[in-house]
Amino acid sequence: GGGVDEGVPFIDDYITIKEKVVDYLTSYSGITPEDLDPKTAHQRGHNLVPLKIAYKKIWILLNLGCKFLGHGLKQDFRVINIHVPKAQVIDTSNIIFIKERLRKLSLQFLAHTLLKEDIQQETHDSIEDARTALRLYRKDQEFPEAGILETMLQEIYSKGVAAGFKPPSKGGHGH
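Bear in mind that the values here come from a model prediction, so they are computed numbers and not experimental data.

1. Looking at the confidence of the model for the protein chain
And step 1. Of the residues in the protein chain, 89% have a pLDDT of 70 or more, and the chain-wide mean is 82.
And step 2. Element-level mean pLDDT values for the protein chain span from 76 in helix α1 (residues 26–29) up to 95 in strand β4 (residues 89–91).

Here's what the structure looks like:
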């Protein structure tokens, strides 16, 4: 029924910090100095909140029994130091995965191979990542018979081996 419209961000918080930032690691984090500056964050559509508030929101979602869907969430949970029960986690890096191949597939590679989408072109965008993980999960749901999924997966891994598990680089397309 009329739940939260999927694909519409309802929490996109940035944490306020007092310490001086030494390196924003923008190419990985997608975060720029303007994102964390109280004077400019709002114009960029970001909500700057104290850590305590961010934790409170996550805690409420956990207690409501919400499921957390994403790609490679274990590391994210470890970084923010929260425990999410397995039953509340849907991790596309564990779903679209063949154990014997001993290699997890990146969100960027899966988006290109399965969804025919090129993501993270300029920089890292957490909203784009979240939407992509949701699309991948939906795509996965389209392969109800394990047989199809298994064949698909083998094919994805073969493509991965051939391409070094990276989407084609963005040649000179004026980016």
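2. A look at the side chain of T113
And step 1. By secondary structure assignment, the location of T113 is in helix α5 (residues 107–115).
And step 2. Once residues lying within four places of it in the same chain are set aside, the contact partners of T113 are I156 and K159.

3. Here's the deal with a nonpolar patch on the surface
And step 1. Judged by side-chain polarity, L51, Y55, V79 and I80 come together as a nonpolar surface patch covering roughly 340 Å² of accessible area.
And step 2. Of all the secondary structure elements, the ones that give two or more residues to the nonpolar patch are α2 (51–63) and α3 (73–80).

4. What to know about the pattern of salt bridges
And step 1. For the coordinates displayed, the defined rule picks out 4 salt bridges.
And step 2. With a closest N to O distance of 2.8 Å, D13 and K57 form a salt bridge. Within this pair, whereas D13 is found in strand β1 (residues 13–15), its partner K57 is found in helix α2, the two being separated by 44 residues in sequence.
And step 3. Of the charged contacts, one joins D37 and K39 as a salt bridge, the two residues approaching to 3.9 Å between their closest N and O atoms.
And step 4. Overall, D37 belongs to the partly exposed group, its relative accessible area being 25%.

5. Quick look at unusual backbone geometry
A negative phi angle characterises most non-glycine residues, just as the trans form characterises most peptide bonds.
And step 1. Positive phi, close to 60°, is recorded for N81, a residue that is not glycine.
And step 2. Positionally, N81 belongs in the loop between α3 and β4.
And step 3. Despite not being glycine, F165 has its phi angle at roughly 55°, a positive value.
And step 4. Assignment of secondary structure puts F165 in the segment after α7 (146–163).
And step 5. What makes F165 buried here is its relative accessible area of 14%.

6. Structural notes on the packing of α5 against helix α6 (residues 126–141)
And step 1. Contact geometry for α5 and α6: axes closest at 10 Å, N-to-C directions at 50°. The angle between the axes of α5 and α6 places the two elements in the oblique class. In the packing of α5 onto α6, the handedness of the crossing is left-handed. Seen from α5, the contacting residues are L107, L110, A111, L114 and L115; seen from α6, they are D129, T132, A133, R135, L136 and K139.
And step 2. For the contact of α5 with α6, the per-class residue count stands at 7 nonpolar, 1 polar and 3 charged.

Calculation criteria
Residues numbered from 1 in each chain as written. Predicted model: local features only at pLDDT ≥ 70, side-chain atom pairs only at ≥ 80, totals over all residues. Heavy atoms only, no water. pLDDT = per-residue confidence, 0-100. Helix = DSSP H or I, 4+ residues; strand = E, 2+ residues; numbered from the N terminus. Contact = heavy atoms within 4.5 Å. Patch = residues over 30% accessible without salt bridge, like charges linked within 9 Å, V, L, I, M, F, W, Y side chains within 5 Å. Areas by Shrake-Rupley, 256 points an atom, 1.4 Å probe, with all protein chains shown as cover. Salt bridge = Lys/Arg side-chain N within 4 Å of Asp/Glu carboxyl O. Buried < 20%, exposed > 50% of the residue type's maximum accessible area, 1.4 Å probe, protein only. Axes fitted to C-alpha atoms, helices over the stretch in contact; angles between N-to-C directions. Parallel < 35°, antiparallel > 145°, perpendicular 65-115°, else oblique. Left-handed = near helix turned anticlockwise from the far one by under 90°. Nonpolar A, V, L, I, M, F, W, Y, C, P; charged D, E, K, R; others polar.

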